[in-house]
Amino acid sequence: SYDLGLASGGARWLPHPKWELAANGGVVANRFVAQPFFSYYGAQANLTVSHRPVRQLRLSVTGGYQFRDYPRNQFAEVVVVDADGNRSEPELLICAERMTVAPGQAGIICDPTRRDNEGQLTVAATWQGAFVINAFYLLRIQRSTLSFENVNRHRLSVSATVGLPWSITTSLMGALQFSNGVSPTDVAGLAEDDENQNSLQLKLQRPVGADFSIELRYGLFANQFSTADVSFFRQTAYLGVSYATGI
């Protein structure tokens, strides 16, 4: 249904054993065959500053920027006027080349293009000792040439891994996201299904022999607090065997 292309590159610099700078950027293009108004191309870049005050702790701050250009029309906010001159409440419609907006009148109702700019800020911390804890906060601020595609997203994620008796390793992961704003393309394309998910996941793993492990996983997923009117609540369970090789 779609073609996605991405090219990127980056560099790291360690000016001091406790400090690290990393920069990367790239270009991306998405061609959505079924609904061309979701196709876009763009560029992205970010810069990360990391610090290790002690050996077990790593702190980092990342600033990023993304640009997306949609060459095809998408949605328009339309007010329909009837024969008596009464105006309807504004509603969002998928763009067409020409639509009747008043009795006996037709016109082009969509801007030819849509351009989005998005700023990102990530604050992360990792502790690696007898147990491992990862935590990060992500802020995304999207501003578009379309007035109804402006969204602020806040995402908090925490994960912890610790060893238990009988050689069992357990991992607990949780994520919570709040979105403020309106984005009809999130509803129509569900393009950010993963990022709109709030989740809680638990994994237990125990080695069996040198290369095999038994895994038990449970996951709970929901998309509350998102920009989409549609919602879901899903639970998953998994029991399986994994194999690791040194190849």
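### A closer look at the overall build of the protein
Looking only at helices and strands, one finds 1 helix and 15 strands in the protein. For the protein, the proportion of its 247 residues judged to be buried stands at 29%. For the protein, long-range pairs separated by at least 24 residues make up 49% of all intrachain contacts whose partners lie at least 6 apart in sequence. Split by element, the accessible area of the protein, about 15300 Å² in all, is 60% carbon and sulfur.

### Thoughts on the sheet that holds strand β11 (residues 151–164)
Spatially, the 11 strands line up as an open sheet ordered β1-β2-β3-β4-β9-β10-β11-β12-β13-β14-β15, and their pairing is antiparallel. Both outer strands of the open sheet, β1 (2–16) and β15 (233–243), are each paired with one neighbouring strand and no more. Each adjacent strand pair in this sheet contributes to an overall mean axis angle of 10 degrees, direction not counted. Here β1 pairs with strand β2 (residues 19–32) via 13 bridges, running antiparallel. Paired with L6 across the bridge in β2 is V28.

### Structural notes on the environment of A210
You can see A210 is positioned in the loop between β13 (198–208) and β14 (212–222). Residue classification places A210 among the exposed positions, given a relative accessible area of 80%. A C-alpha to C-alpha distance of 9.3 Å links A210 and Y243, two positions 33 residues apart in sequence.

### Topic: the packing of aromatic side chains
Taken as a whole and assessed by the stated rule, the structure comprises 2 aromatic pairs. Seen in terms of ring centroids, Y40 and Y70 are 5.4 Å apart; in terms of plane orientation they differ by 50 degrees. Their pairing is tilted. Of this pair, Y40 sits in strand β3 (residues 40–54) while Y70 sits in strand β4 (residues 57–70), and the two are 30 residues apart along the sequence. Each member of the pair, Y40 together with Y70, is buried. When the ring of F212 is compared with that of Y243, the centres are 4.9 Å apart and the planes differ by 45 degrees; the resulting orientation is tilted. Here the residue F212 occupies a position in strand β14, and Y243 occupies one in strand β15, the gap between them amounting to 31 residues. With relative accessibility at 41%, the residue F212 sits in the partly exposed group. Above the ring of Y70, the side-chain terminus of R114 is found at 4.3 Å from the ring centroid.

What counts and what doesn't
Residues numbered from 1 in each chain as written. Predicted model: local features only at pLDDT ≥ 70, side-chain atom pairs only at ≥ 80, totals over all residues. Heavy atoms only, no water. Helix = DSSP H or I, 4+ residues; strand = E, 2+ residues; numbered from the N terminus. Buried < 20%, exposed > 50% of the residue type's maximum accessible area, 1.4 Å probe, protein only. Contact = heavy atoms within 4.5 Å. Areas by Shrake-Rupley, 256 points an atom, 1.4 Å probe, with all protein chains shown as cover. Pairing = 2+ DSSP bridges. Axes fitted to C-alpha atoms, helices over the stretch in contact; angles between N-to-C directions. Phe/Tyr/Trp six-rings, centres within 6.5 Å; stacked < 30°, edge-to-face > 60°. Lys NZ or Arg CZ within 6 Å of the ring centre and 35° of its normal.

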